[in-house]
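Residues per chain are reported as follows:
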Amino acid sequence: MIKYVPQMTSVVIEEIPDRVTLAVSISNCQGNCVGCHSPFLRTDIGEVLTESIIDGLLAANYGVNCFLFLGEGDDLPSLLRLARHVHEKGLEVGLYSGRKEVEKEIYYAFDYVKIGPYIEHFGPLNSRTTNQRLYKVEHTPSEKPYYRLTDLTARFWRKGIDPNIP
Ligand code: SF4
């Protein structure tokens, strides 16, 4: 199961360029970034995130056009199922992962994927030296590997914005 921290749910405009995004913070993070910004997200806290809870969040935040998972938890099949559900609601869906690379199934299911652990001396997305990358995923069902990635990371440098989430 995927769990989220309800108190940390918010509408954001910086994390995904040109989108009004409803962001949920996912717990049970399996990462071990040195200098982790939210160590409590590495524990089993929060509430189970289900399709019906997502429906309720979207109804309460009418007008958002993207749904963002800040973290991926410890249950990939459930994460993919929830991402597909968001798609079926007609919204784009993003994932901020702290891993260096993710499974191809994640690229199949998501429209935006951020990868890379937080490494303090490289800085977060808005640092020109960052090791992290935010990709826009274009799905190409008739052409292997069935997705194409466009690196949007430089958008954060030009705007000089702080995603505030390493
Ligand atoms: S991915 Fe985020 S929550 Fe997980 S260890 Fe890294 S900084 Fe902490």
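A short tour of the structure in this document, coming up. Throughout, residues of each chain are indexed from 1 in the direction in which the sequence is written. Only residues with pLDDT of 70 or above have their local features reported here, since the model is predicted, and side-chain atom pairs are shown and tallied only from 80 upward, although totals for entire chains, interfaces and linings are computed over all residues. Computation of side-chain values: all heavy atoms of the structure, hydrogens and water removed.

## Examining the sheet that holds strand β7 (residues 112–115)
Then, number 1: Think of it this way: DSSP has to see at least two bridges between two strands before they count as a pair. Helical segments are the DSSP runs of H or I of at least four residues, strand segments are the runs of E of at least two, and each set is numbered from the N terminus. Read across the sheet, seven strands follow the order β2-β3-β5-β6-β7-β8-β9 without closing on themselves; strand pairing throughout is mixed. Two strands lie at the open edges of the sheet, namely β2 (10–12) and β9 (147–151), each paired on one side alone. In this sheet, adjacent strand axes meet at a mean angle of 25 degrees when their direction is disregarded.
Then, number 2: It only takes one pair of heavy atoms within 4.5 Å for two residues to be counted as in contact. Whenever a helix is involved, its axis is fitted only over the stretch in contact; in every case the axis is a line through C-alpha atoms, and angles between N-to-C directions fall within 0 to 180 degrees. Seen against the sheet, helix α1 (residues 51–60) touches β3 (21–25) and β5 (66–70) and runs at an angle of roughly 125 degrees to β5.
Then, number 3: Running at roughly 150 degrees to strand β6 (residues 92–96), helix α2 (residues 76–88) makes contact with β5, β6 and β8 (133–139) of the sheet.

## Brief notes about the packing of aromatic side chains
Aromatic ring pairs: the centre-centre distance and the angle between the two ring planes describe each pair.
Then, number 1: The rule is short: rings of Phe, Tyr and Trp, with Trp giving its six-membered ring, pair when the centres are within 6.5 Å, and they are stacked under 30 degrees, edge-to-face over 60, tilted in between. For the structure shown, the criterion picks out five aromatic pairs.
Then, number 2: Between Tyr-107 and Tyr-147, the aromatic rings sit 4.8 Å apart at their centres with planes inclined by 25 degrees, giving stacked as the arrangement. One end of the pair, Tyr-107, is in helix α3 (residues 104–109); the other, Tyr-147, is in strand β9, with 40 residues separating them in the sequence. One exposure class covers both Tyr-107 and Tyr-147, and it is buried.
Then, number 3: Two conditions define a charge located above a ring, namely a distance within 6 Å from the ring centre to NZ of Lys or CZ of Arg, and an angle within 35 degrees of the ring normal. One Lys or Arg, Lys-136, reaches over the ring of Tyr-112 and ends 4.8 Å from the middle of that ring. Throughout, exposure labels follow a simple rule: accessible area from a 1.4 Å probe, protein chains only, divided by the maximum for the residue type, with under 20% read as buried, over 50% as exposed, and the rest as partly exposed.

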